[in-house]
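# Fold and geometry: a report
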Amino acid sequence: MKAMKTIPVEQWHSLSESEALGLLESFPDRGLDSAVVEQRQAQYGPNRITRRKGTGSLLLFILQFHQPLIYILLASAAITSYLQEWVDAGVIFGVVIINAIIGFIQEFKAVAAIESLSRAMNSAATVLRGGVQLQVPDGELVPGDVVLLKSGDRVPADLRLLSVRELQINESALTGESLPIQKTSAALPLDTLLADRTNMAYASSLVTSGVATGAVVAIGDRTEIGRINELIASADILATPLTRKLARFSGLLLYIILGLSAITFFIGVLRGEKWLDMFMAVVALAVGAIPEGLPAAVTITLAIGVSKMAKRNAIIRKLPAVETLGSTTVICSDKTGTLTLNQMSVQEIAAGGDHFLLSGSGTAPEGSITHSEKLISPGEFPALSECLLAGLLCNDARLVRIEGQWSVEGDPTEAALPVSAGKSGLQRESAGQKHPRLDAIPFESEYQYMATLHGALEQKVVYLKGSVESLIGRCSTAMSGSGETIPLDPEAYVCQAEKMAKKGLRVLAFARLDLDYFAGELCHEDVAGGLTFLGLQGMIDPPRPEAVAAVQVCQAAGIRVKMITGDHAATAAAIARQIGLNGETDAAGELLTLTGRELAALDDAELLAAVERTAVFARVAPEQKLRLVEALQSNGNIVAMTGDGVNDAPALRQADIGVAMGITGTEVAKEAADMLLTDDNFSSIEAAVEEGRGVYDNLVKFITWTLPTNLGEGLVILAAVFAGVELPILPVQILWINMTTAVLLGLMLAFEPKEPGIMGRQPLDPRQPLLTRELVLRIGLVGFLLLLGSFGLFNWELHHGHSLAEARTCAANVFVCGELFYLFNCRSLRHSMRTLGFFSNHWLLGGVSIMILLQLLFTYLPAMNSAFGSRPIGLREWGLILTASFVIYIVIEVEKILWQRVSA
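On a predicted model such as this, the values are computed, not experimentally measured, just so you know.

Now for the overall build of the chain. On a plain count of helices and strands, the chain comes out with 31 helices and 28 strands. The dimensions of the chain, computed from C-alpha atoms along their principal axes, are 120 × 75 × 50 Å. Relative to its full complement of 904 residues, the chain shows a buried share of 56%. Taking contacts inside the chain between residues at least 6 apart in sequence as the whole, the part at least 24 apart equals 72%. Surface accessibility of the chain: about 36800 Å² in total, with carbon and sulfur atoms responsible for 60%. Of the charged side chains in the chain, 71 are positive and 93 negative; the average position of the first set lies 5 Å away from that of the second.

Structure (C-alpha cells):
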C-alpha cells in the first residue's frame, strides 16, 4: 500500500488493470481479505465526505449585527429608549432582529450543500472479500476493494474498471455530459479529460445498463465528488452589488452623523448653551439623520421581488439575489436542459442521395420534412421512407401519449427515431403489425450496432442501426432515391456524416438485409456483409425556442451570455450558433470555443483575456467552471451561473448569483444556489433579470426619496443650534415622521411597475455608486427645500404670535407633505409622472390616503397632541404648507427636464 501513495487519483486511468491491482495489492477474483480491510479502514477512515467545521450558529447570528447600518439602527433604538419612546424603540429594534434572522437563515442554508454530498454517498455496495460476494455499507469500503456493479446501482466510490459488459453510466451530475457514457476497461492516455475517462467509474454516478467489476482507488474526500466538496468549502460567498454599496453608504453615513453630532454639541456649548439642551439637540440630529426605514424597505422590496419572480418560475432562496440579477453583466449557462430541450431530435436525414430537413422539436411527432426548401411527402422518396422505417422498427424506445402529452420510454437517442418517423406518418403499432419483430441483436459496444429481424413466413428483412463505421463496411449496395438497389459509394456517405458531425449532430446509419428464407436465431455472422445502406439520421438536443428569444433580449440589454458545458465542443458550438450567442470568431467565422484541455494550458493572465472574448466553453471540469467564474469576477463582472449537477455546485456558490435547475437539478446544486428555476428554462432567467432590474430601480427610488427627509431634518436641527433658537421639530416628532412616512409612502415605491425599456438599458457598472451625481444633487436640493420650508414656516408662525407647539406642528407637516409631493417625483427618476400614469400604482395611492388621515390625527386628535407635542393649526397654515410642498414637486420636475437635455 505504500506504493499507492505515490499515485495521484488523477492518474489511475492511465494504468492497466494489472498495474492498478498491483499497486492496490488486490486480486480481481478474491478482492481483499478481512484482515487487510480492517487495516485499511483504520488507515484511510470511512468512505464519507468530511463535514467541515464552520461558524457556530450563535456566532453566525451575532455576526448579522456586524454592519454599519445596523450600528446606526441600534444607536437609534438606544436613543429612543433613553427618551422613553418605547413603541418607536421596539419598532426599530424589531427591524434589526428581523433582518438578523433573515441573514442567519440565508447563511445557514448556504453550507447545506456539503451535507447533501454526504447524503449522496449513503447506500450499500456489492464487494468481493476473500473470494465471497458480500453486501456492505459503502461507508466501509477501502482502497483495493473489488466492487461489482449492475444496472441501477449508484457507484459507491471512485473505481478503476477491471471488466465491463455493456456498461453505461450516467455521469451528467458530475461531468455535464447529457447522455450515458459507454465504459471500457482499457488504459487511457495520462492527459485524458475527466469526462473522457471511460475506464473509470466515479462516486455518486448512476449505472444505467450493463455489469462490471472495478477496484476502489479513492474513497471519501479523495474521490472526485470529495474534491468538489473541497471546492464548495473554499468558494467565496461574495457580497451582492447592493450589499457592498449599502455597506459603503452606511459607513459613510455613520461617520457623517457622528461628525455632525460632535460639531453641533461643541458649537452649542461654546455659545453658552446648557449641556443637557445640547445633548437633546444632538439626539434630535442623530434621530433625524438616521434612515430608520431603510433596512425594512430593502427587505420588503426584495421580498416583493421574490413574489414577482416566483410567478415567473424563479424561486429565490436568498433575498439579495433579487437585486443581484438586475446588476448581472454575464450569465454563464449550462447547455443541456437550460438552453436546450434535453430531448434529442432528428434534424437532418441523408438518404438516396438526397438531403432532408425536419422541423419541430421535442417528443411530439409533429413537424414537417423539406427537400430543397419545399415540403415533401415521404412516400415520394422511397429511400427516405425506408430509412425512417428502419429507425422506427430497429428500436426499443416507445413513444406514448398520456393525458394529451407525448413522452418517451427508453434511451433518449433511440427515442428521437420514432418521433422523426411519426412526422412522416409512420406509427409503431401499424408498422409493427405489418413487420412483426421475430428476433434481435441488442447493441453491443464491441460491434456498435443493433439489428432486428422482421417479417412473416418466408419473406423476412433485417434492419440495422449503428455508427457509420460499423455499418458502412458491411454494406455492398445502397438504396437510390427511386428505391432501386445501386452500388454503394461509401466515401459519399462518410463525407456526409462528417458534415453532419461538424454541425454538432449525433449521426446514426441505417441498413437492411433481405432474406428469402431464415429459420434460426439472428446472430452477428448473419449480418456480416451484403447489406443495403439506407441512409443517415442526424440528431441533436435542439435549443428551446423561448431560450433563443431570451438570449437575444439579454444580449440587447448588454448582458453577455456564455455557454459552459461538459458536452463536446462541436455540439456546444452548433447550439451556440443556433441560439445566436455573441462572441469573437475565428478565421472561419465560427464562434471561439475553448475546451477543458485548452483551458488547463492557460495561465491566470491568459485566462482573464480568454474569458472575455470566448462565448463557448466545452468539456470543462468542475474546478475549471469555478476558475472561469473567478476570472470573470476578477475582470469586474457580476456573474450569474446556472447548473444542475454536483459538478456545478462550487461555481454556483462562487458566482454572484447561482441559479440551479428545479426539475433536473441535484440537491447539492440546489443547496449551493441562490435561485431555482421551476421550469429549467433559460427564458425564466431573462424574466428574473428583468424583475431584478425593476427591484433595483425601486430600491434606488426609495433611497432617493428617503434621504432628503433625513438631510432636511438634520439641517433644521443644525440651523436651530447655529441660530440659537428652539428646535423646530422634537426627536419624537422626527421619529413619527420617519417611521410613518417610510412605511406608508416610501415602501409603496416597492410596488412601482417596471418602467418601459428596462431591458433596453446596459447593465449597471459594478463600480458605479449607489447614488449617481445627478441623484446626490437632487437629494441635496430637496433637503435644502425642506429646510427652507420647515424652518421658514416655523419662524413665520412664531413671528405672528403662534405658540411654539403650533410652529412645530407646521414644521412637521412641511416634512410630511413635502415627502408626499416628492414621492410622486420619485415614481420615475428620469421621466415625468405623466409618462407612468397617475393610477398605475394603486398601493401608492392607498398609502398616500392613509398618511393624510394619520397626519390629520397627528394635528387635531388630543391624544396625539399630548403624545407628540402637536397642536391644531388653521387653513392659512395648511395653505402655506401645501404651497411649500408643491414648490418641491415643480422644482424637481423642472430639474428632470434639465438633466434630460444635458444628457441628450
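Structurally, the α-helix is built with 3.6 residues per turn, so residues lying three or four positions apart point the same way. Those residues of helix α2 (residues 34-44) that fall on the buried side of the exposure criterion are V37, R40 and Y44. Across the axial projection of α2, the buried residues extend over an arc of 70°, all falling on one side. When the buried face of α2 is taken as reference, the exposed residues oriented beyond 90 degrees from it are S34, A35, E38, Q39 and A42. On the buried face of α2, the contacting elements are α1 (17-24) and β1 (124-129). G45 sits one or two positions beyond α2 and adopts a positive phi of about 80°.

In terms of residue burial, β1 counts as a mostly covered element, since five of its six residues are buried. Sheet analysis places β1 next to strand β2 (residues 132-137), joined by six bridges and oriented antiparallel. Its bridge partner being in β2, A125 is matched across the sheet by V136. The loop that links β1 with its antiparallel partner β2 comprises two residues; one of these, G130, has a positive phi angle of about 65°. Two elements, β1 and strand β3 (residues 146-150), share three bridges in a ladder whose sense is antiparallel. Across the sheet, V127 pairs through a bridge with V147, a residue of β3.

Mapped onto the elements of the fold, G645 is located in the loop between β26 (639-643) and α23 (649-654). With relative accessibility at 1%, the residue G645 sits in the buried group. Between the C-alpha atoms of G645 and D334, which are 311 residues apart in sequence, the distance is 9.9 Å.

Here we come to the sheet that holds strand β27 (residues 657-661). Ordered by their spatial adjacency, eight strands build an open sheet running β8-β28-β27-β26-β9-β23-β25-β24, and the pairing between neighbours is mixed. Here the strands that pair on one side only, and so sit at the sheet edges, are β8 (314-316) and β24 (593-595). Averaged over all pairs of adjacent strands, the angle between their axes in this sheet comes to 20°, without regard to strand direction. Here β8 pairs with strand β28 (residues 675-677) via three bridges, running antiparallel. Its bridge partner being in β28, I316 is matched across the sheet by M675. Against the sheet, helix α25 (residues 682-723) touches β8, β9 (330-333), β23 (560-564), β26, β27 and β28, its axis set at about 160° to β9.

The rules behind the values
Residues numbered from 1 in each chain as written. Predicted model: local features only at pLDDT ≥ 70, side-chain atom pairs only at ≥ 80, totals over all residues. Heavy atoms only, no water. Helix = DSSP H or I, 4+ residues; strand = E, 2+ residues; numbered from the N terminus. Buried < 20%, exposed > 50% of the residue type's maximum accessible area, 1.4 Å probe, protein only. Contact = heavy atoms within 4.5 Å. Areas by Shrake-Rupley, 256 points an atom, 1.4 Å probe, with all protein chains shown as cover. Lys, Arg positive; Asp, Glu negative; His and termini not counted. Charge placed at Lys NZ, Arg CZ, Asp CG, Glu CD. Arc of directions from axis to C-beta. Pairing = 2+ DSSP bridges. Axes fitted to C-alpha atoms, helices over the stretch in contact; angles between N-to-C directions.

Treat this as a map of the structure, not an account of what it does.
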